Amino acid sequence: MARAQQHQLFASELESIVVITLHSTTQTLTVAVERPDETQVVDTLREALCYRRQALKTEARQLRQDY
């Protein structure tokens, strides 16, 4: 799942990200992304996805060891 999200992020980066939508349990907020800020936003999202992939790999490894 994180890998698919990473591919989507790369594709969005090529097209240019124009808005980010944040979801909480009770609210949704959409924020416009200006061109100069786009690089920082993409870098932050890429880093978060990298951490998520690592967490999923660790969890999968632990599940394999448990069985």
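The coordinates are above.
Quick word on the pairing of strand E1 (residues 19-23)
Working step 1: Here five bridges tie E1 to strand E2 (residues 28-32), and the two strands are oriented antiparallel to one another. Pairing of Ile20 across the sheet is with Val31, part of E2.
Working step 2: Between E1 and E2, which follow one another and run antiparallel, lie four residues.

Notes on the packing of helix H1 (residues 2-15) against helix H2 (residues 35-66)
Working step 1: Two elements in contact, H1 and H2, have axes separated by 9 Å at closest approach and are oriented at 165 degrees. In terms of orientation, H1 and H2 fall into the roughly antiparallel class. As H1 packs across H2, the resulting crossing turns out to be left-handed. Residue-level inspection shows Ala2, Arg3, Gln5, Gln6, Leu9, Phe10 and Glu13 of H1 in contact with H2, the latter providing Glu38, Val42, Leu45, Arg46, Leu49, Arg52, Arg53 and Leu56.
Working step 2: Residue composition of the contact of H1 with H2, grouped by class: seven nonpolar, two polar and six charged.

What to know about the side chain of Glu38
Working step 1: Its location among the elements puts Glu38 in helix H2.
Working step 2: Owing to a relative accessible area of 6%, Glu38 belongs among the buried residues under this scheme.
Working step 3: Once residues lying within four places of it in the same chain are set aside, the contact partners of Glu38 are Glu13, Ser16, Ile17 and Val33.

Notes on the nonpolar core
Side chains of a nonpolar character, in soluble globular proteins, are inclined to be buried together.
Working step 1: If you look at the biggest cluster of nonpolar residues, it comprises five residues: Leu9, Ile17, Val33, Val42 and Leu49.
Working step 2: Not counting the four nearest positions on each side in its chain, Val33 is found in contact with Ile17, Val18, Val19, Ile20, Glu38 and Val41.

So, the pattern of salt bridges
Working step 1: Summed over all chains, the structure comprises one salt bridge.
Working step 2: Between Arg46 and Asp43 there is a salt bridge whose closest N-O contact spans 3.6 Å. You can see Arg46 and its partner Asp43 sitting in helix H2, three residues apart, about one turn around the helix.
Working step 3: Judged by its relative accessible area of 23%, Arg46 is partly exposed.

Observations concerning the environment of Leu49
Working step 1: Note that Leu49 resides in helix H2.
Working step 2: Put simply, Leu49 and Gln5 are 44 residues apart on the chain and 7.4 Å apart in space, counted from C-alpha to C-alpha.
Working step 3: Filtering out sequence-adjacent residues up to four positions away, Leu49 remains in contact with Ala2, Gln5, Gln6 and Leu9.

Rules of the game
Residues numbered from 1 in each chain as written. Predicted model: local features only at pLDDT ≥ 70, side-chain atom pairs only at ≥ 80, totals over all residues. Heavy atoms only, no water. Pairing = 2+ DSSP bridges. Helix = DSSP H or I, 4+ residues; strand = E, 2+ residues; numbered from the N terminus. Axes fitted to C-alpha atoms, helices over the stretch in contact; angles between N-to-C directions. Parallel < 35°, antiparallel > 145°, perpendicular 65-115°, else oblique. Left-handed = near helix turned anticlockwise from the far one by under 90°. Contact = heavy atoms within 4.5 Å. Nonpolar A, V, L, I, M, F, W, Y, C, P; charged D, E, K, R; others polar. Buried < 20%, exposed > 50% of the residue type's maximum accessible area, 1.4 Å probe, protein only. Core = buried A, V, L, I, M, F, W, Y, C linked by side-chain atoms within 4.5 Å. Salt bridge = Lys/Arg side-chain N within 4 Å of Asp/Glu carboxyl O.

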